[in-house]
Amino acid sequence: MAQPATPVTIDAESAADPVLSARPENRVWKKFRKHRSAMLGGVLVTFFVLIALVAPILPIPDPVATDWGAVRKAPSAAHWLGTDELGRDVLSRLVWGAQASLLAGVVSVAIALGFGVPLGIIAGYFGGWTDAIISRCTEALLAAPFLILAIALAAFLGPSLTNAMIAIGISATPVFIRLTRGQVLSVAAEDYVESARAIGLSTPRILRRYILPNVLPPVLVQATLTVATAIIAEASLSFLGLGQQPPSPSWGSMLNTAKNFLNQAPWMALWPGVAIFLVVLGFNLLGDGLRDALDPREH
Amino acid sequence: MLSFILRRVVIAIPTIILISIFVFTLQKLLPGDPVLAMAGEERDPQVLEFLREKYRLNDPIPVQYFTWIGNALRGDLGISLRTNQPVLELIAQKLPVTIQLAAMAMIFALLIGIPAGIFSAVKKGTIVDYIANVVALSGLSIPNFWLGIMLILLVSVKWKLLPASGYVPLSEDPVRSITVMIMPAFVLGTALAATLMRHTRSAMLGVLNSDYVRTARAKGLVERRVILKHAFRNALTPIVTLTALLFGELIAGAVLTEQIFTIPGFGKLVVDAVFNRDYAVVQGIVLVTAVGFIFMNLLADVAYVLLNPRLRKQ
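Computed from a predicted structure; not experimentally measured. (Residues numbered from 1 in each chain as written. Chains lettered and ligands numbered in written order. Predicted model: local features only at pLDDT ≥ 70, side-chain atom pairs only at ≥ 80, totals over all residues. Heavy atoms only, no water.)

Draft legend 1. Fine view of the overall build of chain A. When its secondary structure is counted, chain A shows 12 helices and 0 strands. Scanning chain A from its N terminus toward the C terminus, one meets helices and strands in the order α-α-α-α-α-α-α-α-α-α-α-α. Once the C-alpha set of chain A is aligned to its principal axes, its extents read approximately 75 × 65 × 30 Å. Taking all contacts inside chain A whose residues are at least 6 apart in sequence as the whole, residues at least 24 apart take part in 70%. Accessible area of chain A: about 14,000 Å², with a carbon and sulfur share of 65%. Computing the positive centroid from 21 side-chain charges and the negative centroid from 19, chain A places the two 2 Å apart. (Helix = DSSP H or I, 4+ residues; strand = E, 2+ residues; numbered from the N terminus. Contact = heavy atoms within 4.5 Å. Areas by Shrake-Rupley, 256 points an atom, 1.4 Å probe, with all protein chains shown as cover. Lys, Arg positive; Asp, Glu negative; His and termini not counted. Charge placed at Lys NZ, Arg CZ, Asp CG, Glu CD.)

Draft legend 2. Representation of unusual backbone geometry. The omega angle of the peptide bond from Pro246(A) to Pro247(A) is 5°, so this bond is cis rather than trans. Mapped onto the fold, Pro247(A) is located in the loop between α10 (203–240) and α11 (251–258). One non-glycine residue, Arg72(A), lies in the positive phi region at around 50°. Looking at the secondary structure, you find Arg72(A) in the loop between α4 (36–54) and α5 (90–126). The class of Arg72(A) is partly exposed, set by a relative accessible area of 30%. With a phi close to 55°, Lys160(B) is a non-glycine residue in the positive phi region. If you trace the backbone, Lys160(B) turns up in the loop between α7 (144–158) and α8 (174–208). The exposure class assigned to Lys160(B) is exposed, which follows from its relative accessible area of 65%. (Buried < 20%, exposed > 50% of the residue type's maximum accessible area, 1.4 Å probe, protein only.)

Draft legend 3. Local environment of the interface of chain B and chain A. Contacts between the two partners involve 41 residues from chain B and, on the opposite side, 42 residues from chain A. Buried area between chain B and chain A, summed over both chains or domains, comes out near 3,700 Å², and the portion from carbon and sulfur atoms is 84%. For the pair chain B and chain A, the number of links is 1 salt bridge. When the shortest N-O distance is used, the salt bridge between Arg198(B) and Asp288(A) registers 3.1 Å. Put simply, chain B and chain A have 3 residue pairs in polar contact (both at pLDDT 80 or more) between them. (Buried area = accessible area lost by both parts, 1.4 Å probe. Salt bridge = Lys/Arg side-chain N within 4 Å of Asp/Glu carboxyl O. Polar contact = N/O pair within 3.5 Å; in protein donor to acceptor, adjacent residues only side chain to side chain.)

Draft legend 4. Here's a closer look at the packing of aromatic side chains. All told, the structure shown has 12 aromatic pairs over all chains when counted by the stated rule. A ring pair is formed by Tyr125(A) and Phe126(A), whose centres lie 5.4 Å apart and whose planes are at 85°; its orientation type is edge-to-face. You can call Tyr125(A) buried: its relative accessible area is 14%. Centroid distance Tyr65(B) to Trp68(B): 6.4 Å. Interplanar angle 40°. Geometry classified as tilted. Placement of the pair is Tyr65(B) and Trp68(B) together in helix α4 (residues 61–73), with a separation of 3 residues, close to one helical turn. Owing to a relative accessible area of 11%, Tyr65(B) belongs among the buried residues under this scheme. Taken together, the ring pairs in this structure connect Phe24(B), Tyr65(B), Phe66(B) and Trp68(B) into an aromatic cluster. The ring centre of Tyr210(A) lies 5.6 Å from the NZ or CZ of Arg209(A), which sits over that ring. (Phe/Tyr/Trp six-rings, centres within 6.5 Å; stacked < 30°, edge-to-face > 60°. Lys NZ or Arg CZ within 6 Å of the ring centre and 35° of its normal.)

Draft legend 5. Spatial organisation of the packing of α5(A) against α10(A). All names here are of chain A. At a minimum axis separation of 8 Å, α5 and α10 run at an interaxial angle of 145°. Viewed along their axes, α5 and α10 form a crossing whose handedness is right-handed. Side by side, α5 and α10 meet where Ser101, Leu102, Ala104, Gly105, Ser108, Val109, Leu113, Val117, Ile121, Tyr125 and Phe126 of the first sit next to Thr203, Ile206, Leu207, Ile211, Leu212, Val219, Ala223, Thr226, Val227, Ala230, Ile231 and Glu234 of the second. When the residues that make up the contact of α5 with α10 are grouped by side-chain class, the tally is 17 nonpolar, 5 polar and 1 charged. (Axes fitted to C-alpha atoms, helices over the stretch in contact; angles between N-to-C directions. Left-handed = near helix turned anticlockwise from the far one by under 90°. Nonpolar A, V, L, I, M, F, W, Y, C, P; charged D, E, K, R; others polar.)

Draft legend 6. Structural context of the nonpolar core. In terms of nonpolar packing, the biggest core is built from 160 residues, with Ile211(A), Trp251(A) and Met204(B) touching the most fellow members. With 18 residues, the single largest contributor to this core is α10(A). (Core = buried A, V, L, I, M, F, W, Y, C linked by side-chain atoms within 4.5 Å.)

Draft legend 7. Quick peek at the UniProt feature "domain: ABC transmembrane type-1" (unreviewed entry) in chain B. The residues that UniProt annotates with the feature "domain: ABC transmembrane type-1" (unreviewed entry) are residues 95–300 of chain B. A distance of 21 Å separates the end C-alpha atoms of residues 95–300 of chain B, which is 83% helix and 0% strand. (UniProt positions renumbered as here; feature names shortened; annotations may be inferred.)

Draft legend 8. Fine view of a positive patch on the surface. Among the surface-exposed residues, Lys219(B), Arg225(B), Lys229(B) and Arg233(B) lie close enough to one another that they form a single positively charged patch. With respect to the helices and strands, the residue Arg233(B) is situated in helix α10 (residues 223–260). (Patch = residues over 30% accessible without salt bridge, like charges linked within 9 Å, V, L, I, M, F, W, Y side chains within 5 Å.)

Draft legend 9. A look at the side chain of Gln283(B). Following the sequence through the fold, Gln283(B) ends up in helix α12 (residues 279–307). Of the residues examined, Gln283(B) reaches a relative accessible area of 4% and is grouped as buried. Within the local environment of Gln283(B), its side chain forms a polar contact with the backbone oxygen of Val23(B), the two atoms lying 3.0 Å apart. With sequence-adjacent residues up to four places away left out, Gln283(B) is seen in contact with Phe156(A), Val23(B), Phe24(B), Gln27(B) and Trp68(B).

Draft legend 10. Layout of the pattern of salt bridges. Residue and element names in this part refer to chain A. Under the criterion given, the structure shown has 14 salt bridges over all chains. The closest approach of N and O atoms between glutamate 194 and arginine 197, which form a salt bridge, is 3.1 Å. With glutamate 194 and arginine 197 both in helix α9 (residues 191–198) and 3 residues apart, this pair spans about one turn of that helix. The exposure class assigned to glutamate 194 is partly exposed, which follows from its relative accessible area of 41%. For arginine 197, a relative accessible area of 33% puts it in the partly exposed group.

Next up, the structure:
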């Protein structure tokens, strides 16, 4: 009996809708789902997002309520992760701190995307003087190291979580301008874009219909990885006292305080760092997984 | 080669001008009247006017910029409000400390990152490769200030092996200087080692699949020689370029490391300046770092050409 040279397996989804499953986005999703480390990243990120969202309804103490009778208490049944130098519950501050960290990560990247992608599209698509000016400004901003730039901006804008997010967002913008510009340059030279121009489609329509969708995948990967960088940057700024201001909880400011009580209360320093590490690892794993899934060479 | 370097220097000039405009604009972001900040408690209008005249704040903004950049080109970046010292002098005092820290961090990163990258590429798809990747990604995800705190807790507080903080100049006592710097350099070098490992792995994987490596193996060369002489030498070009670029990142990364280990370097200077509202120092640091970064970029480009025989001939 003749056997097929290559066994062909059709899963239920493909069998149900073979045309749909052949679409690139479905292929990417299927590949992404098989990426175990990306899935682990997704689980970590989802966990922290959920924690941040449900913080107000969790049965935990007020994160800013001081208790002078429970100053620097080791982990116990009453305070699972111990208390800090003002008797505040470390677990509660950790849970509420997730809001500040995730908010900073997402808002900073939204700012960077909001400025970076349009500017990159304009520079790449229109070229000429517009491109020269935008590109030179991008190079200038890229010349200043990310953290130094963020610290300088946060210092001049004034210490607060909002200003830290603005500072991180501005510092991260040049990467998105450069990435988008590069993508636009390669996509704009494609035959289908030339054809769209030839049939007289308007520039906004070409940008929206043909350029943007092809530019977005690598930008999405970069955005995911930049959320990780932004979370570390926010923690760094808060650690230096330039981000979230006391008494509001943030992982960076918790570490700043903890370093003064390493001998007496080491638990104060342990958990905020573990939380930053896990959430950043989650976004890095997600970003790596997305990059692999979206890489056409991997198909 | 000389014309290539000159061309790169010329290309860098507009970037430096734009950075200077950006750094100058930073000061204009300050809320309120800068003279009021300088005068402190003093509210006498005559004093305020005197300060305005002295710092030429009544001039139009473009004139103020040209005065500032003219002074900067002559090495005058202003005076620190806190120490009353010239900013450039302050930076020159602190920079060697940070360069020592960054150089030691770079040595750690190279010693860990490159062998791990080579090993991971050679053992691609094995458990060794998987572990190396997990460790590298963890290295990228650990906030270095937390790693510093944890190491102080374990190595200094619990085991009492290394000092938790401080600085001894290299010229004073080299052994003590290096001993004190080991922990901060390791902390600063961790993320860099992870980045280098990932890039070395990727560069090696590209080279290991090439025809000349296959030919070297077909000639019967020992695998070690194939990897180190044929593959690694060709994978080295992007790694050297990256190393030059990352040195600038190290200077920036030193900000937090110096803060944790109380090292009186460039990073501590910027943090102190920020908290003392010593904006001339902050501006000076951003400008000097950015120009240094451009210089490292230039070095990276030159190294790239020097290491690549085909580009060298062009």
